[in-house]
Amino acid sequence: MQAPPVRATALPSFTDALRAVESLLMSGGQRTARRNAWTSVLEDRRRAKDRVEAQRFYERSADGS
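Below is a summary of the structure that appears in this document. Note that the structure is a prediction, hence the values are computed from the model and not measured.

Thresholds, definitions, all that
- Residues numbered from 1 in each chain as written.
- Predicted model: local features only at pLDDT ≥ 70, side-chain atom pairs only at ≥ 80, totals over all residues.
- Heavy atoms only, no water.
- 1 Å grid on protein atoms, 1.4 Å probe; cavity = no way out; pocket = protein on both sides within 12 Å on 5 of 7 lines; lining within 4 Å.
- Points joined across faces, edges and corners; volume = space filled by probe spheres on them.
- Helix = DSSP H or I, 4+ residues; strand = E, 2+ residues; numbered from the N terminus.
- Phe/Tyr/Trp six-rings, centres within 6.5 Å; stacked < 30°, edge-to-face > 60°.
- Buried < 20%, exposed > 50% of the residue type's maximum accessible area, 1.4 Å probe, protein only.
- Axes fitted to C-alpha atoms, helices over the stretch in contact; angles between N-to-C directions.
- Parallel < 35°, antiparallel > 145°, perpendicular 65-115°, else oblique.
- Contact = heavy atoms within 4.5 Å.
- Nonpolar A, V, L, I, M, F, W, Y, C, P; charged D, E, K, R; others polar.

Considering the layout of surface pockets
Part 1 of the reasoning: Approximately 190 Å³ is the volume found for the largest pocket.
Part 2 of the reasoning: Contributing elements (two or more residues each) for the lining of the largest pocket: helix H1 (14–25) and helix H2 (28–63).
Part 3 of the reasoning: Counting residues per element, the lining of the largest pocket draws most heavily on H1, which supplies 5 residues.

Topic: the packing of aromatic side chains
Part 1 of the reasoning: What the rule picks out here adds up to 1 aromatic pair.
Part 2 of the reasoning: Geometrically, the ring pair formed by phenylalanine 57 and tyrosine 58 is edge-to-face, given 5.7 Å between the ring centres and 65 degrees between the ring planes.
Part 3 of the reasoning: By relative accessible area, phenylalanine 57 is classed as partly exposed at 45%.
Part 4 of the reasoning: Taking relative accessible area as the criterion, tyrosine 58 reaches 54% and is therefore assigned exposed.

What to know about the packing of H1 against H2
Part 1 of the reasoning: In the contact formed by H1 and H2, the axes pass within 9 Å of each other and the chain directions differ by 135 degrees. Classified by the angle between their axes, H1 and H2 sit oblique to one another. Contacts between H1 and H2 pair Arg19, Glu22, Ser23 and Leu25 from the former with Gln30, Arg31, Arg34 and Arg35 from the latter.
Part 2 of the reasoning: A class-by-class count of the residues in the contact of H1 with H2 yields 1 nonpolar, 2 polar and 5 charged.

Keep in mind these values describe shape, not function.
This is the structure we're talking about:
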């Protein structure tokens, strides 16, 4: 029994496939706006995490532990 042939090129990732569909459906400006919005969401999440960590630090400091 022979092994199936090895594929020479990798299959595109799910992200690559979504970007390809996105490029077909949206104009360049819409893509840029969507990516900028997502970048803002990620940055807001990072800042929220930093606020929680700082709050915990201050609470521990106030308790003296």
